[in-house]
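Survey of secondary and tertiary structure
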Amino acid sequence: MIPYGKQDIDDQDIQAVEDVLRSDWLTQGPAVPRFENAVSQYCRADHAVSVCNATAALHLACRSLELGPGDVLWTSPNTFVASANCALYCGASVDFVDIDSRTYNMSVEALGEKLKLAERTGRLPKIVVPVHFAGQSCEMREIRQLADKYGFKIVEDASHAIGGRYLGESVGNCRYSDITIFSFHPVKIITTGEGGIALTNDALLAERMQLLRSHGITRNPAQMSGESDGAWYYQQIELGYNYRMTDMQAALGASQMNRLDAFVKRRQLIAARYALKLSGLPVILPWQHPDVYSAFHLYPVRVEKADRQRIFDKFREAEVGVNVHYIPVHTQPYYQQLGFGWGDFPETESYYQEAISLPLYSSLTEGEQDFVVATLKDALQ
Ligand SMILES: *Cc1c(COP(=O)(O)O)cnc(C)c1O
C-alpha cells in the first residue's frame, strides 16, 4: 500500500527518543524547552508553547485571546474539523468564509464582503482562523489589513505549513497574526507522534497559553493572590487543562527539525515531478501563489465530479491510499445541526466533489510515484 502521507523516522530520531527514555525526565524535562526553542528560532517567532496536539493548540489560542460565549470565530470550511471546533470548546459560535477557486484557501474577497455585512448586523468575528491548506500560506498581508480595519484577531492554522514561506519569510513568524499553530501528527511535515505548538510574538499570550496548558496553575509568587506559603506552594488562578507535550515527543520533534528543510525540499521536488508527469491530462493541478513557497503537505488534484468516485476506487484497488481533503466542515452532521447545510459555501463544496489527494511524503520513491501516475492515467480512460 502506498499511503497518501507518512512519517520519515531515521536512526537519529530513534536515538533522541531512547536518550530521553534513559534519562530522569519523561515529561516536564529539558527536551520540551529545547524543542520549543528550535521551532521558535527556525520560524523567528519570539515565543513557542508546545502542547499534546494541534487541536489543543487551537483551543489554547482561542482561550488566550479570550474567546467566549457571544463571540464568533470564522474559519475556512475546507479544513479539518478542529479549526472550527476550538470556538465551540470556548462556548463561542462558528461561521465560515468560502474558499478561493485557485488556492482553496479562505478567499480574501469573500472575507471582505462578509465583514462588510457583519459590520452592518453587529456580528463581526472576534477571531479569524485562516488555514494554510495543503501547505500553501493564505494571503496574510491582505487578511492583516482587514483585521486592522475590522478589529479581529488572527490565529493561523498552519498545521500543513511548517517549513513553508510567505513573501520570503517563514510561516510561523506571526508577522501578520497573533498566534500561529502547527501540528505534528505523523502525516504532517514533521512529527512528534501526537503534538502541536503555538507560536506568538506577544509575551502575555505566551504566558497565558503556558498557564492554561498546565491546569491554570502557577508557581510564580508574582501571579498569586496573597502570600506564597513556601517553596512547595502553587495556586490555580484559571481553569486550565493538561495539554502538555512529553519529553519523548519533544526530543523526536527537535530531531525532526534538523531535517525540516530537507523534507520540504523533497516534497517540492515530488510535487514538481507530479506537475510534469500529469501535464496534458484532464486534471486540475494545485495552483501555486507567486508569494508562497508551499510546504506541500498535500498534493490535491481535481477531476470531473462524475468520475471522482470511480477514480478513487481504482486507486484503492491498486493499493494506492489516496484520500479526500476535506469534507466541508459545515456539512458534517454536527454542524448541520447548528444550522449549516449544503449550498452554504458553493466553492468549497464543488472543490470537495472533485478533489483527490495523491500520495506525497518525503520517502515516496520515483518508482512509487510513477505507479501513482500510471494508475491515474489508467483510471482517466
Ligand atoms: C491535522 C490538523 C489539525 C489537528 O491537528 P492534531 O495535531 O491532530 O490535533 C488541525 N487543523 C488542520 C488543518 C489539520 O490538518
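My aim in this report is to walk through the structure given alongside it, one point at a time. (Residues numbered from 1 in each chain as written. Predicted model: local features only at pLDDT ≥ 70, side-chain atom pairs only at ≥ 80, totals over all residues. Heavy atoms only, no water.)

This part covers the overall build of the protein. Looking only at helices and strands, the protein has 13 helices and 16 strands in total. The globule rule puts the C-alpha radius of gyration for 381 residues at 21 Å, and the 21 Å found for the protein is close to it. The buried share of the protein, taken over its 381 residues, is 55%. Long-range contacts, defined here as pairs at least 24 residues apart, represent 73% of the contacts in the protein between residues at least 6 apart. Surface accessibility of the protein: about 16,500 Å² in total, with carbon and sulfur atoms responsible for 49%. Taken as two groups, the 35 positive and 46 negative side-chain charges of the protein have centres that lie 2 Å from each other. (Helix = DSSP H or I, 4+ residues; strand = E, 2+ residues; numbered from the N terminus. Rg over C-alpha atoms; globule rule 2.2 N^0.38 Å. Buried < 20%, exposed > 50% of the residue type's maximum accessible area, 1.4 Å probe, protein only. Contact = heavy atoms within 4.5 Å. Areas by Shrake-Rupley, 256 points an atom, 1.4 Å probe, with all protein chains shown as cover. Lys, Arg positive; Asp, Glu negative; His and termini not counted. Charge placed at Lys NZ, Arg CZ, Asp CG, Glu CD.)

Next up on the list: the site of the ligand. Not every one of the 15 residues close to the ligand is listed here, only the nearest: Thr55, Asp157, His160, Ser183 and Lys188. Between the ligand and Ala54, the relevant distance is 2.9 Å, taken from an oxygen atom to a main-chain nitrogen or oxygen of the residue. Sorting the residues of the shell around the ligand by element identifies helix H3 (54-64) and helix H4 (82-89) as the ones contributing at least two each. A breakdown of the residues in the shell around the ligand according to their chemical character gives five nonpolar, eight polar and two charged. (Near = heavy atom within 4 Å. Polar contact = N/O pair within 3.5 Å; in protein donor to acceptor, adjacent residues only side chain to side chain. Nonpolar A, V, L, I, M, F, W, Y, C, P; charged D, E, K, R; others polar.)

Before going further, it helps to examine the pairing of strand E6 (residues 153-157). Most of E6 is tucked away: four of the five residues are buried. Here strand E5 (residues 127-129) runs beside E6; their pairing, made up of two bridges, is parallel. The partner of Val128 across the bridge, within E6, is Ile154. The pairing of E6 with strand E9 (residues 179-183) spans three bridges and is parallel. Across the sheet, residue Val155 finds its bridge partner in E9, namely Ile179. (Pairing = 2+ DSSP bridges.)

Two measures describe an aromatic ring pair: the distance that separates the ring centres and the angle between the ring planes. Counted by the stated rule, this structure contains 15 aromatic pairs. Pairing Phe96 with Phe345 gives two aromatic rings, centres 5.9 Å apart and planes at 70 degrees, and the pair type is edge-to-face. With Phe96 in strand E4 (residues 93-96) and Phe345 in the loop between helix H11 (333-336) and helix H12 (346-354), this pair connects stretches of sequence that are 249 residues apart. We note that Phe96, like Phe345, is buried. Between Phe133 and Tyr326 the ring centres are 6.0 Å apart and the planes differ by 65 degrees, which places this aromatic pair in the edge-to-face class. Of this pair, Phe133 sits in the loop between E5 and helix H6 (140-150) while Tyr326 sits in the loop between strand E15 (320-321) and H11, placing them 193 residues apart in sequence. Take Tyr326: its relative accessible area is 10%, and that puts it in the buried class. These aromatic residues form a ring-pair network of at least three members: Phe96, Tyr334, Tyr335, Phe340 and Phe345. (Phe/Tyr/Trp six-rings, centres within 6.5 Å; stacked < 30°, edge-to-face > 60°.)

The terminal C-alpha atoms of helix H13 (residues 366-380) lie 21 Å apart, and with 15 residues this matches the ideal 21 Å at 1.5 Å per residue to within 8%. Of all the residues in H13, the buried ones are Gln369, Val372, Val373, Thr375, Leu376 and Ala379. The buried side chains of H13 occupy one side of the element, clustering within an arc of 160 degrees when seen end-on. Where the residues of H13 are buried, they touch strand E1 (2-3), helix H9 (260-278), helix H10 (305-317), E15 and strand E16 (355-358). (Expected span 1.5 Å × (residues − 1). Arc of directions from axis to C-beta.)

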